[in-house]
Amino acid sequence: MRTVALKRHHRAAPLILMFALLAGLTMAASFARSEPAQATVASEDAIQEGQKLFAANCATCHGLSAQGQDGVAPTLVGVGAAAVDFQVGTGRMPMQASGPQAIAKDVQFNDKQIAQLAAYVASLGPGPSVPDAEAVDAALGDPANGMQLFRTNCSMCHGSVGGGGALSQGKYAPALWATTPTHIYEAMLVGPQSMPVFNDANMTPEDKRDIIAFLEEQRDGAPGGLSLGTIGPVAEGLWAWLLGMGLIVGFTVWIGVRSS
Amino acid sequence: MTEVKTAPTDSRLNRAAGSTASYVDERTSIGAFTKFIARKIFPDHWSFMLGEIALYSFVVLLLSGVILTAFFVPSMDIVEYEGEFAQLKGLEMSRAFESTVHMSFEVPGGLLMRQIHHWAALIFTASIVTHMARIFFTGAFRKPRELNWLVGFTLMILSLAAGFTGYSLPDDVLSGNGLRIIDGVIKSIPLAGSYISYGLFGGEFPGEALIPRMFTAHILLIPALILGLIALHLFLVFLHKHTQYPGGGRTDKNVVGLPLFPVYMAKAGGFFFVVFGVIALLAAVFQINPVWNYGPYDPSPVSAGTQPDWYMLFIDGALRIMPGNFEYVIGGFTLSLNVLIPAVVLPGLFFGVLALYPWIEAWATGDRGEKHVLDRPRNAPTRTALGVALITFYVVLVLEGSNDIVASLFSLSINDLTLMFRITVIVLPILAFIIAKRLAMGLQRKDRELVLHGHETGRIVRFDNGEYIEVHEPLTEQERWVRVSYDALKPRELAPELNDRGVRRKGYRWDRFKAAWSRFYFEDRVEPVTPAELKAAEEHHAHELESGKKAAPEDPAIHP
């Protein structure tokens, strides 16, 4: 009896349970993510469901027929499914509070609901649609071309490798490392917030995929050690002073302790 | 010359060492010199090792730099990249950039050497500034060391030049943008600017001459000057003898400490490896200047987070803080005061004041004596406050230079931030001056209090008559020495304007300025405790205890 009781209270048990739970959650999440992409042609049902969701969650600002309100929210006629998938799929919409720019917070809807909302908005007028899996597949892109394009078109706001940066009046360009390829593609397509539009005429779909390939390369970790946020010499200087000089001066104090 | 004494143990090794030493000595007479060096006395304090950090990081820079020179190609010829790094495949770039990427990814240990070199450069400049601050706040620049302050100042400027030329060598987008700013700054100089720029770049920016020229400056000219000046700097330290902090028996006429050999030799030798170790640790753990992220130089792209290395950041900050509407066109010539003032005039003033500070302070003191005992920063309140104000000013400029990073890190508006820095760059140094001066004088008063009344012991005693006192313990001789052995200088007396014949004397205006300057320094002061005051205080305490003893003679808790 005693041994059984002991076993029941094994020291590692909570840890193992936690790992099991984590593994379960991860698997659940990956299954949830790998749902097949929604068909581009939306069913009438989806549009109707989307309209209901829109009326309940978006119409306060964008108006009941998505026509927009002056000084509050833009019209959504013609923004397309890509804009909805980006704004709602990254948690920027519904907007929590007005500010310099919509903040990417926790996503408020599931994939099915987002697709329904997108279908409804797409039905209001023609606009860019959600890209398919092939269009955003980094493996098919050329990172060298992507780097050149990124440097000339993106790095002035998003930093040299997509670490993000400040814009005027409290607006900012976010870091791109946690953004999914689809959302990156959609952002280029629709130009959310302060971002300019890179439509297919001034940047081909292949070029967009090359940029995604370049950004994907940044996720594998940086050569040379910890990248300090890749924000450049300011971070390097800060670490040189805090850690470098801190350690060395600490040593001088230690060496000088037995002062004469 | 000197005879080799018999070794304590007559081993083979000792005999060999002895005969080698005498062989060298008989031909160079170096024995006497070695003896002189080895017996040179140095006082001990951790803050005296800050300059050593600069020296050792410079040695690290030389060592790693030699290895980098073996692989770097200082050429602006255009080649197509065919190396291992996928993101750059097929790109056109200069040989300088290509060789930098090549040594980073294909030369074994090359990236580590680059990172060691760059981290060492940051530590080199940082330690020079720290060392300079120590010299400043302890008054170690006073007579006879003014010239050595100037040598050290020149070394600081050279370290900035070394850092900037090295930072620009890889010919990447980041450093290219920095060079473009320098080009703009040079061109803002009236009349001569465009000629200097054309001469420097060998034509219109960027030209094809700059990288080879900077390479020569970076690996030959600047290091040679630094080496020569380091030799002079250290020679002057030996000549003047090292300064010492105030303490029992230490005066302006002696040096209290230990001989260089063996203790300091061992400490210094070990400390070299500490500095090298910390630099190597940084280089092994943290990426620095990833030029492959920035890409080969091309004048069009400027990425977010474009900043120079920390030591040039204050000039960038000055440019960012300056309102942009001070550009005038006079007779077809453009006068860019919005660039000239922050990037030429302001650093010129800042460095000018730093370089001349020993003389600026000497105007106020009028003191011509040699000073070998250091000031505790509190005992020179105005100097300390000036130093703190200067550092505050510098830090505000550095923060403004990083304003985009600060803005995105703390979710602030970059415009508001710049407006705030425009105000704080003037207000904060003044506030810092007042606060630092008051703090220093407060500490001086605390010292007076301690000397006069001793340490609080926390023991409260009640006398029979109902009076409570806390027993204070008098300071030891050493503690007292540190707190009373300073001069509270008084403002200079201004001699009358007219001489006895009623004629205005020569140099009166200059004297009047120096007197005003002196009042600024020494009007407010806390005098050290005089022997008379100390005696009076001691008598008072004795009396207090005496009366207490009479009241409670058997109380064992009361001791003076």
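Residues numbered from 1 in each chain as written. Chains lettered and ligands numbered in written order. Predicted model: local features only at pLDDT ≥ 70, side-chain atom pairs only at ≥ 80, totals over all residues. Heavy atoms only, no water.

K.L.:
Just to check I follow, could you spell out the overall build of chain B for this structure?
P.N.:
Along chain B, the regular secondary structure elements total 19 helices and eight strands. Over its C-alpha atoms, taken along the principal directions, chain B stretches across nearly 100 × 80 × 60 Å. Relative to its 560 residues, chain B shows a buried fraction of 48%. Considering only contacts within chain B whose residues lie at least 6 apart along the sequence, 74% involve residues at least 24 apart. Accessible surface computed for chain B: about 28,200 Å², of which carbon and sulfur atoms make up 66%. The positive charge centre, built from 51 side chains, and the negative charge centre, built from 55, are 9 Å apart in chain B. (Helix = DSSP H or I, 4+ residues; strand = E, 2+ residues; numbered from the N terminus. Buried < 20%, exposed > 50% of the residue type's maximum accessible area, 1.4 Å probe, protein only. Contact = heavy atoms within 4.5 Å. Areas by Shrake-Rupley, 256 points an atom, 1.4 Å probe, with all protein chains shown as cover. Lys, Arg positive; Asp, Glu negative; His and termini not counted. Charge placed at Lys NZ, Arg CZ, Asp CG, Glu CD.)

K.L.:
Please clarify how the pairing of strand S7 (residues 455-462) of chain B should be interpreted in this entry.
P.N.:
Every other side chain in a regular strand lies on the same face of the sheet, so the side chains alternate between the two faces. Residue and element names in this part refer to chain B. Of the strand pairs in this sheet, S7 and strand S8 (residues 468-473) are connected by five bridges, and their pairing is antiparallel. Each residue of the ladder has a partner; that of Ile460, found in S8, is Glu470. Here S7 folds back onto S8 in antiparallel fashion, the turn holding five residues, of which Gly466 has a positive phi close to 95 degrees. (Pairing = 2+ DSSP bridges.)

K.L.:
Before we go on, may I ask you to explain the interface of chain A and chain B in this structure?
P.N.:
When the parts of a complex come together, some accessible area is lost, and that lost area is often taken as the interface size. Counting residues at the interface gives 53 residues for chain A, matched by 66 residues for chain B. For the pairing of chain A and chain B, the buried interface totals around 4,700 Å² over both sides, and the portion due to carbon and sulfur atoms is 68%. Counting across the interface, chain A meets chain B through 14 residue pairs in polar contact (both at pLDDT 80 or more). Going through the elements one at a time, helix H7 (143-153), helix H8 (155-158), strand S1 (165-166), helix H10 (205-217) and helix H11 (233-255) of chain A are the ones with two or more residues in the side of chain A that touches chain B. A total of 17 residues in the side of chain A that touches chain B trace back to one element, the largest contributor, which is H11 of chain A. (Buried area = accessible area lost by both parts, 1.4 Å probe. Polar contact = N/O pair within 3.5 Å; in protein donor to acceptor, adjacent residues only side chain to side chain.)

K.L.:
Help me understand helix H13 (residues 337-365) of chain B in this model?
P.N.:
Since the α-helix turns once every 3.6 residues, residues separated by three or four places project in the same direction. All names here are of chain B. The terminal C-alpha atoms of H13 lie 37 Å apart, and with 29 residues this falls more than 12% below the ideal 42 Å at 1.5 Å per residue. Its axis deflected by about 65 degrees at Tyr357, H13 carries its strongest bend there, up to four residues before the proline Pro358. Two residues or fewer after H13 comes Gly366, characterised by a positive phi angle close to 65 degrees. (Expected span 1.5 Å × (residues − 1). Bend = angle between axes of the 7 residues up to and from the residue.)

K.L.:
What should I look at first to understand empty space enclosed by the protein in this one?
P.N.:
Empty pockets left among the atoms are what a rolling probe the size of a water molecule brings to light. Within the structure shown, the criterion is met by five cavities of 30 Å³ or more. Taken as a whole, the largest cavity spans an internal volume of roughly 80 Å³. Along the walls of the largest cavity sit 14 residues, with Gly164, Gly165 and Ile231 of chain A together with Gly305 and Ile405 of chain B positioned nearest its centre. When residues of the lining of the largest cavity are traced back to their parent elements, those giving at least two are S1 of chain A together with helix H15 (403-409) of chain B. It is H15 of chain B that contributes the most residues to the lining of the largest cavity, three residues altogether. Grouping the amino acids of the lining of the largest cavity by side-chain chemistry returns four nonpolar, nine polar and one charged. The calculated volume of the second largest cavity comes to roughly 60 Å³. Contributing to the lining of the second largest cavity are Ser227, Leu228, Thr230, Ile231, Gly232, Ala235 and Glu236 of chain A together with Gln287, Pro290 and Tyr294 of chain B. (1 Å grid on protein atoms, 1.4 Å probe; cavity = no way out; pocket = protein on both sides within 12 Å on 5 of 7 lines; lining within 4 Å. Points joined across faces, edges and corners; volume = space filled by probe spheres on them. Nonpolar A, V, L, I, M, F, W, Y, C, P; charged D, E, K, R; others polar.)

K.L.:
Would you explain the domain arrangement of chain B in this entry?
P.N.:
Domain annotation for chain B reports domain 1 (1-39), domain 2 (50-247 + 269-298) and domain 3 (438-551). Summarising the inter-unit geometry, the C-alpha centres of domain 1 of chain B and domain 3 of chain B are found 54 Å apart. (Domains from an automatic or database assignment.)

K.L.:
Just to check I follow, could you spell out the layout of surface pockets for this structure?
P.N.:
Residue and element names in this part refer to chain B. By volume, the second largest pocket is sized at about 1,100 Å³. In terms of lining, the second largest pocket is formed by 44 residues, of which the most central are Phe48, Gly51, Glu52, Leu234 and Val237. Here the element with the most residues in the lining of the second largest pocket is helix H9 (residues 210-240); it accounts for eight residues. Classifying every residue of the lining of the second largest pocket by side-chain character gives 28 nonpolar, 10 polar and six charged.

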